[in-house]
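# Structural features, examined
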Amino acid sequence: MANKPLYYGTSKSSPMYYGSSKPIYGGGGGGGPMYYGGSGGPSYGAYGSYGNYGSYGNYGSYGSYGGNQQDGSSMVGTITVGRILRVISQRWLSVFVFLLIGLIISWAIYMISPRIYEATGEFTMDIRHAVGRPSSVMDEVLPDLGNNYAEIFNTRLTTWRSPEMMQEIVSLYNKGQEAAAAVGEASSVPVDEIYAALAESEMELQRNSRIITISVRSKDPRLSADLANAYVEAVRLHAEEENRKRVEDKVRDTHANVEQKNRERDQLSQAISDFRINNGVDVLRSHRDTLKQSITKTTADILELEGQVTQLEEWKKLLTAVKDNPEKFGSLASGAPRAQEIATEYSAYQKASAEHAALLVNFQAEHPEVKAKAQELEGARQRFLDATTRALETGTATLETARKALDVLRQKRDDMNNDLASDEQKIVLAESGLNKLESELKITEEIYKNLYNTEVELRKEAQSNDERINVGRKALPPKKYVLPDPLIIFGIGVFLSLSLGVLFVLIMDNLEDTVVNLADIEGRLALKVLAVFPHVSRKRRENVAKFILEDRYSQFSETVAGLRNLLDSPRYEAMSHCLLVISTQPGEGKTITSTSLAISYAQAGRRVLHVDFDLRRPRLARIWGVELTLETSFSHALQKSGSTVPDFSRLANKSQVPGLDVICSLPPEGVTPANIFGSNVVSEFFAWARSHYDRVIIDAPPYGVVGDVVSLSMLVDGTLIMCCPDRTHFKPIQYCSRSLAEAGANILGVVVNDVDVSNSTAFATSGHRGYGYGYSYGPSKSRKGDGEKLVAPEDRDETVPDGAPGAEVDGDDFTDDD
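Predicted model only: the values in this text are computed from it and were never measured.

A few words on a nonpolar patch on the surface. On the surface, a cluster of nonpolar side chains totalling about 870 Å² of accessible area is made up of W92, L93, F96, V97, L100, I101, I104, I105 and I109. Structurally, I105 can be placed in helix α2 (residues 92-112). Judged by its relative accessible area of 47%, I105 falls in the partly exposed class.

What follows concerns the sheet that holds strand β8 (residues 608-612). Across the sheet, eight strands lie side by side as β6-β13-β12-β7-β11-β8-β10-β9; this open sheet has mixed pairing. The open sheet has two edge strands, β6 (529-534) and β9 (653-654), and neither has a second partner. Where β9 meets strand β10 (residues 660-663), two bridges bridge the pair, whose relative direction is antiparallel. By the bridge assignment for β10, N653 is matched with V662. Seen against the sheet, helix α22 (residues 730-742) touches β7 (578-582), β12 (718-723) and β13 (747-755) and runs at an angle of roughly 175° to β12.

Moving on: the nonpolar core. Residues V611, F613, F634, I663, F685, F686 and I698 are the most contacted members of the largest nonpolar core, which totals 50 residues. With sequence-adjacent residues up to four places away left out, F613 is seen in contact with F634, F677, V682, F685, F686, I698, D699, P701 and L712. In terms of nonpolar packing, the next biggest core, distinct from the first, is built from 38 residues, V560, L566, V662 and V751 among them.

Attention shifts here to the pattern of salt bridges. Applying the stated criterion across every chain yields a total of 23 salt bridges. Among the salt bridges present, the one from R222 reaches D226, with a minimum N-O distance of 3.4 Å. Of the two residues, R222 and D226 are both situated in helix α7 (residues 221-279); the distance of four residues between them amounts to about one turn of the helix. For R222, a relative accessible area of 35% puts it in the partly exposed group. A salt bridge links R616 to D708; the shortest N-O distance between them is 2.0 Å. One end of the pair, R616, is in the loop between β8 and α17 (620-624); the other, D708, is in helix α21 (residues 708-713), with 92 residues separating them in the sequence. On the basis of relative accessibility, which here comes to 3%, the residue D708 falls in the buried class. Through salt bridges with shared partners, a single network forms among R288, D289, K292 and E424.

The next subject is the side chain of T254. Its place among the elements puts T254 in helix α7. Given the relative accessible area of 4%, T254 is considered buried. Those residues in contact with T254 that lie beyond four places of it in its chain are L451, T454, E455 and L458.

Relative orientation of the contacting elements helix α15 (residues 555-568) and helix α16 (residues 590-603) amounts to 70°, with a least axis distance of 9 Å. When the axes of α15 and α16 are compared, the pair comes out roughly perpendicular. Across the interface between the two elements, F556, V560, A561, L563, R564, L567 and D568 of α15 pack against S596, L597, S600 and Y601 of α16. Here the contact of α15 with α16 is composed, by residue class, of seven nonpolar, two polar and two charged.

Turning our eyes to something else, we now look at the packing of aromatic side chains. Throughout the structure, instances matching the rule amount to 17 aromatic pairs. Relative to F504, the ring of F98 has its centre 5.3 Å away and its plane inclined at 40°; by these criteria the two rings are tilted. Residue F98 is found in helix α2, and its partner F504 is found in helix α11 (residues 486-512); the two are separated by 406 residues along the sequence. When its relative accessible area of 25% is taken as the criterion, F98 is described as partly exposed. Taking the centre distance of 5.8 Å and the plane angle of 85° together, the rings of F123 and W160 count as edge-to-face. Here F123, found in strand β1 (residues 116-127), pairs with W160, found in helix α4 (residues 149-160); they are 37 residues apart in sequence, far enough to count as distant. For the residue pair F123 and W160, the accessibility class agrees, reading buried in each case. Counting every residue linked through ring pairs, the aromatic cluster contains F613, F634, F648, F685, F686, W688 and Y693. Above the plane of the ring of Y481 lies R115, whose end atom (NZ or CZ) is 5.1 Å from the centre.

A negative phi angle is the norm for most residues apart from glycine, just as the trans form is the norm for most peptide bonds. Residue L483 is joined to P484 through a cis peptide bond whose omega torsion reads 0°. Mapped onto the fold, P484 is located in the loop between β5 (481-483) and α11. The phi angle at N208 is positive, at roughly 55°, despite the residue not being glycine. Along the chain, N208 turns up in the loop between β2 (202-205) and β3 (211-218). A relative accessible area of 77% means that N208 is categorised as exposed. Phi at D754 is positive, roughly 65°, even though this residue is not glycine. When its relative accessible area of 5% is taken as the criterion, D754 is described as buried.

Another point: helix α1 (residues 81-90). For α1, the complete set of buried residues consists of R83, R86 and V87. Down the axis of α1, the sector holding all buried residues measures 95°, keeping them to one side. In α1, the exposed positions angled more than 90 degrees off the buried face are occupied by V81, L85 and S89. The inward-facing, buried residues of α1 abut α11.

With six of six residues buried, β12 is to be regarded as a mostly interior element. Burial along β12 is two-sided: the face carrying G718, L720 and M722 and the face carrying T719, I721 and C723 are both buried. Two elements, β7 and β12, share four bridges in a ladder whose sense is parallel. Looking across to β12, one finds that I582 is bridged to I721. Pairing of β12 with β13, which is carried by five bridges, proceeds in the parallel orientation.

Our focus in this paragraph is the environment of K323. Among the secondary structure elements, K323 is positioned in helix α8 (residues 281-324). Residues K323 and L385 lie 62 residues apart in sequence; the distance between their C-alpha atoms is 6.0 Å.

Our next topic: the confidence of the model for the protein. Within the protein, residue pLDDT values average 76, and 77% of them lie at 70 or more. Residue range residues 129-134 is modelled with pLDDT below 50. Its contacts to residues more than four positions away, or to other chains, number 13 contacts. Note that pLDDT drops below 50 for residues 136-142; the model gives that stretch 23 contacts with residues more than four away or on any other chain.

Here we take up the environment of A230. Tracing the backbone through its elements, the reader meets A230 in helix α7. When the C-alpha positions of A230 and N174 are compared, they lie 9.4 Å apart, and in sequence the two are 56 residues distant. Setting aside residues no more than four positions away along its own chain, A230 makes contact with I169, L172 and Y173.

Here the focus is the pairing of β3. Side-chain positions along a regular strand alternate between the two faces of the sheet. With six of eight residues buried, β3 lies mostly within the body of the structure. In terms of strand pairing, β2 meets β3 through four bridges, oriented antiparallel. Its bridge partner lying in β3, E204 is registered against T213. Linkage of β2 to β3, two consecutive antiparallel strands, is achieved through a turn of five residues, within which N208 is found at a positive phi near 55°.

Mapped onto the fold, S201 is located in the loop between α6 (191-199) and β2. Residue S201 is classed as buried on the basis of its relative accessible area of 6%. In this structure the side chain of S201 is engaged in a polar contact, spanning 2.6 Å, whose partner is the side chain of R161. Here L198 takes part through its backbone oxygen, which lies 2.5 Å from a polar atom of the side chain of S201. Setting aside residues no more than four positions away along its own chain, S201 makes contact with R161, S215, V216 and Y231.

Calculation notes
Residues numbered from 1 in each chain as written. Predicted model: local features only at pLDDT ≥ 70, side-chain atom pairs only at ≥ 80, totals over all residues. Heavy atoms only, no water. Patch = residues over 30% accessible without salt bridge, like charges linked within 9 Å, V, L, I, M, F, W, Y side chains within 5 Å. Areas by Shrake-Rupley, 256 points an atom, 1.4 Å probe, with all protein chains shown as cover. Salt bridge = Lys/Arg side-chain N within 4 Å of Asp/Glu carboxyl O. Helix = DSSP H or I, 4+ residues; strand = E, 2+ residues; numbered from the N terminus. Buried < 20%, exposed > 50% of the residue type's maximum accessible area, 1.4 Å probe, protein only. Pairing = 2+ DSSP bridges. Contact = heavy atoms within 4.5 Å. Axes fitted to C-alpha atoms, helices over the stretch in contact; angles between N-to-C directions. Core = buried A, V, L, I, M, F, W, Y, C linked by side-chain atoms within 4.5 Å. Parallel < 35°, antiparallel > 145°, perpendicular 65-115°, else oblique. Nonpolar A, V, L, I, M, F, W, Y, C, P; charged D, E, K, R; others polar. Phe/Tyr/Trp six-rings, centres within 6.5 Å; stacked < 30°, edge-to-face > 60°. Lys NZ or Arg CZ within 6 Å of the ring centre and 35° of its normal. Arc of directions from axis to C-beta. pLDDT = per-residue confidence, 0-100. Polar contact = N/O pair within 3.5 Å; in protein donor to acceptor, adjacent residues only side chain to side chain.

Have a look at this one:
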């Protein structure tokens, strides 16, 4: 025993994780230090103490398991409709017990509760300025209580519920009792009870109406009716008194305002008259109008003179040019100076010029007639120039006179404009003050008129009641009690009992910490479900592992083939060359899943290597029927390799499946697996396996106290985690996936094992679609498959094997771990 790892608890040739030949969880008895058992074992301990995991209530290295919850989750766990329905269907008896208890308690409460009677009185409220009513003077009288009856009611409610109102109600009730005492019908009720009933009374505005109801509850039906009627009467009297005081106050205030505005109006009228006299507003306005007329006339004269000056300037330019060159003369307007004289001389000059030109045609310039005509032409020209000079002198003198007159008019206009601006400024200043006074007078007169009319109308309506409270239906002593209400009591009892029952079963379900459906895996663990293996009924492990060889078209075989095709898909192909199959505890189907997957790959024409890397508890040799020696044992070959790389091809054993080779190990006597996994020979082996095989399937030890799985996960392409219904716990698989991910492992997903296909409930949450066959799973106490009737494990001599979910294995051959 000294040469064996501490995981072996007995000296028997068959290595086991448990402390006895029969698997027990938590047994303390002394077969030896097993993974789950004997008192001598320091590793996994009992089911209540998983070695490094800690106890069932404490999973050691990754924290407390007592709550069986996810990190940061509540005691109830993940709440979904599917989970609630599943838990209720499984634990309906507990829910029924809670319901029964709730009904009993509800009945007890109903029986011991005092009988309460309710009486209701009614009155109507009519507010004159409410929405939808014509406005009147009383709209100004009544206070602003709101825009509709609901707002008015809520505003009034504060007053109607005040202590003063309660005292008035009690006073009216006492008066009514005094009147009843006269006829012998009075009743004696403590004052405290009266006030208690009024404090619990309710006042409500009926929808879409003006009816207000007052409900009073009491143990005495007569008291509730009397208090309701007294309440209505108190509200009516309070409204009448408030209306009277409010109208009187309003009339008095309005008359004072009318007198005040009348005095202000007289004062403003006198102020306006005095202002007109003192500031000469009317004189300034008359002088301003005269100036405007004078400026208009002067401006017209200026425009006329400017036209004359312009014309004279044009004539002056023309006459100056003609004087220098008579031939440029054309004609002058009739109004030009000496226009007639210039025209006559110019005509004579043109005539003499024409005659001179005619003589030059027939005679030479020295001819006497030509010379005589030339002298005549020169005389005509000189006379024309003299007339032009005289006209120019006359026009120049006229132009100067016009310019002087124009300057005088312009100066006059400027002076008048200055005077007008001065008057305008004075008028603006005067009118601003006057307009202000006139505006104030107008406003005052308008206010005075409105106030006067208001006073007149208020005096006419002083006797009217504009907030009317009319008593409607009076309250009568009720004959039936309103409390306790059986529907409310039993309804609340049923609701609370069912809620507590569901909460209880959810907590109990969560405390069990077992995986139940796909939502638990994909939701709580955030791991993808790659396949769901159905239950296969077999008694021996090797039969279950090789079941795929017997029937390639069975449900189990098709599921394995579906997983193989998924791993060959483009998404997973690069991550499935070298696969590691692990579990978190024995009995989850790791070995049989790896065997079935290896067979399926070989059947698909791949070269496959199936390796038993569970060096502490090898079992593939038994499954494949391989006879081993120390030289062909994988673990011993790795142990003895040292610095020399062994010939791995000698370790590969042919199986009965074409294309499938198996590497197995003997029980680890004299072998130290920890040293092997820490050596380079393991990496050399994986390099060799990758180069010689299309697929390498690794059967790994359960993830536990040792670091074998972590070391292997970093050498493979992908890792598959096994999960068994109602056996796999959340904490181990959660810690396993987290640790492997932190170490850099590539976790492809989860393979769910041991699914009962006979169960009609779908193995998924509502509407869920997973990979593989969608079946429900749960504890398989009685299953049918392949024509065999199965019984619960506790009723059989055989133990439940690993692997094929729920498959039975001969207890003498294998232990219930894988």
